[in-house]
Amino acid sequence: MNFFIDTANVEEIRQGLALGMVDGVTTNPSLIAKEKKPFDEVVSNILELVSGPVSLEVISLDTESMVSEGKKLASLSDNVVVKIPLTLDGLRATKELAHAGIAVNQTLVFSPLQALLAAKAGAAYVSPFVGRLDDISHHGLALVEQILAIYANYMFETKVIVASIRHPLHVLDSAMLGAHIATIPFKVIEQLAKHPLTDKGIDMFLADWKNVPASKKK
Ligand code: E4P
């Protein structure tokens, strides 16, 4: 299972890479805005650090502008994946970009049929947003299960990136379902490592260590 980090913050990316938990990065316009720096600056800093896939989202809404924006983004580096929202214009843009050999991450996916269309259009990745579905009392992970079943039925090569992850159980359930990738906020990556019994165990070992007699050798 691949872990992407869902952030545009270079420090978080650096820390995630140091842990060995970052196989790629996903950004979106809201995450870029949080950095309070120009888009080009944020993106070039990320691309300097990361060799895995880096998703950069278009902000155009019509097919022609999405395609030209997507081509510009893809020209920044070989590992750029163009993020395109799932609209009719977005599907047309995905088809054109995929045809030109550019990897697309079809984003803002909330139904299994949208995911089926993304795969048929040639998207390399599809991003179902589980947290935002949970927020409105729908089962986000049920969507992931449906998408994986449909893709397996027809042997689509589109990879599923579980997105809009809010907590460790989203990652656990994604792994149990066999999702290809989870894109995870840094805070949740840290939470995955934490267990109170690990901390308690370390305290107990260190307390017992004080009772080990000192060596007699000089
Ligand atoms: C996915 O690629 C998006 O950037 C992200 O996961 C959205 O998450 P949110 O619902 O927490 O904004």
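Everything below is about the structure printed above this text.
Residues numbered from 1 in each chain as written. Predicted model: local features only at pLDDT ≥ 70, side-chain atom pairs only at ≥ 80, totals over all residues. Heavy atoms only, no water.

Colleague: Is there a simple way to explain the pattern of salt bridges in this structure?
Modeller: Per the counting criterion, the structure on display carries four salt bridges. Residue Glu 11 is joined to Arg 14 by a salt bridge in which the shortest nitrogen-to-oxygen separation is 3.4 Å. Highlighted residues: Glu 11 and Arg 14, both in helix H1 (residues 10-19), separated by three residues, approximately one helical turn. By relative accessible area, Glu 11 is classed as partly exposed at 40%. The exposure class assigned to Arg 14 is partly exposed, which follows from its relative accessible area of 43%. (Salt bridge = Lys/Arg side-chain N within 4 Å of Asp/Glu carboxyl O. Helix = DSSP H or I, 4+ residues; strand = E, 2+ residues; numbered from the N terminus. Buried < 20%, exposed > 50% of the residue type's maximum accessible area, 1.4 Å probe, protein only.)

Colleague: Got a minute to help me understand the packing of H1 against helix H3 (residues 39-49) in this structure?
Modeller: Helix-helix packing: each pair is described by the crossing angle between the helix axes and the interaxial distance. Where H1 contacts H3, the two axes come as close as 10 Å, and the packing angle between them is 10 degrees. One way to sum up the angle between H1 and H3 is to call them roughly parallel. Contact with H1, carried on its side by Val 10, Ile 13, Arg 14 and Leu 17, involves Asn 45, Ile 46 and Leu 49 of H3 and no other residues of that element. Across the contact of H1 with H3, the residue classes break down as five nonpolar, one polar and one charged. (Axes fitted to C-alpha atoms, helices over the stretch in contact; angles between N-to-C directions. Parallel < 35°, antiparallel > 145°, perpendicular 65-115°, else oblique. Contact = heavy atoms within 4.5 Å. Nonpolar A, V, L, I, M, F, W, Y, C, P; charged D, E, K, R; others polar.)

Colleague: Got a minute to help me understand the side chain of Gln 106 in this structure?
Modeller: Position of Gln 106 relative to the elements: it lies in strand S5 (residues 104-109). Only 2.9 Å separates the side chain of Gln 106 from the side chain of Thr 94, close enough to count as a polar contact. Once residues lying within four places of it in the same chain are set aside, the contact partners of Gln 106 are Ile 84, Pro 85, Leu 86, Gly 90, Leu 91, Thr 94, Ala 118, Ala 123, Tyr 125, Val 126 and Ser 127. (Polar contact = N/O pair within 3.5 Å; in protein donor to acceptor, adjacent residues only side chain to side chain.)

Colleague: I would appreciate a short explanation of the packing of aromatic side chains in the present structure.
Modeller: The relative placement of two aromatic rings is captured by the distance of their centres and the angle of their planes. According to the stated counting rule, one finds four aromatic pairs in the structure shown. An angle of 55 degrees between the planes, with centres 6.3 Å apart, marks the rings of Tyr 154 and Phe 156 as tilted. The exposure class assigned to Tyr 154 is exposed, which follows from its relative accessible area of 59%. Among the aromatic side chains, those forming a connected cluster through ring pairs are Tyr 151, Tyr 154 and Phe 156. (Phe/Tyr/Trp six-rings, centres within 6.5 Å; stacked < 30°, edge-to-face > 60°.)

Colleague: Looking at this structure, how should I read the site of the ligand?
Modeller: Every residue close to the ligand is listed here: Asp 6, Thr 26, Asn 28, Lys 83, Phe 129, Arg 132, Ala 163, Ser 164 and Arg 166. Note that an oxygen atom of the ligand is positioned 2.7 Å from one of the side-chain N or O atoms of Asp 6. At a separation of 2.7 Å, an oxygen atom of the ligand approaches a polar backbone atom of Ser 164. Expressed as a share of its isolated accessible area of 340 Å², the protein-covered part of the ligand is 85%. (Near = heavy atom within 4 Å. Areas by Shrake-Rupley, 256 points an atom, 1.4 Å probe, with all protein chains shown as cover.)

Colleague: How do you make sense of unusual backbone geometry when you look at a structure like this?
Modeller: Most peptide bonds take the trans form, and the phi angle of most residues other than glycine is negative. One non-glycine residue, Leu 108, lies in positive phi territory at about 60 degrees. The residue Leu 108 is located in strand S5 in this model. Judged by its relative accessible area of 30%, Leu 108 falls in the partly exposed class. Although it is not a glycine, Met 155 sits at a positive phi angle of roughly 55 degrees. Structurally, Met 155 is set in the loop between helix H8 (140-154) and strand S7 (159-162). Residue class for Met 155 comes out exposed when judged on its relative accessible area of 70%.

Colleague: Looking at this structure, I do not really get the side chain of Thr 26. What am I missing?
Modeller: As for its placement among the helices and strands, Thr 26 is situated in strand S2 (residues 24-26). On the basis of relative accessible area, Thr 26 is assigned to the buried category, the value being 1%. A polar atom in the side chain of Thr 26 sits 2.7 Å from the side chain of Asp 6. In this structure, Thr 26 is in contact with Phe 4, Ile 5, Asp 6, Thr 7, Leu 31, Ser 55, Lys 83, Asn 105 and Thr 183, ignoring residues within four places of it in sequence.

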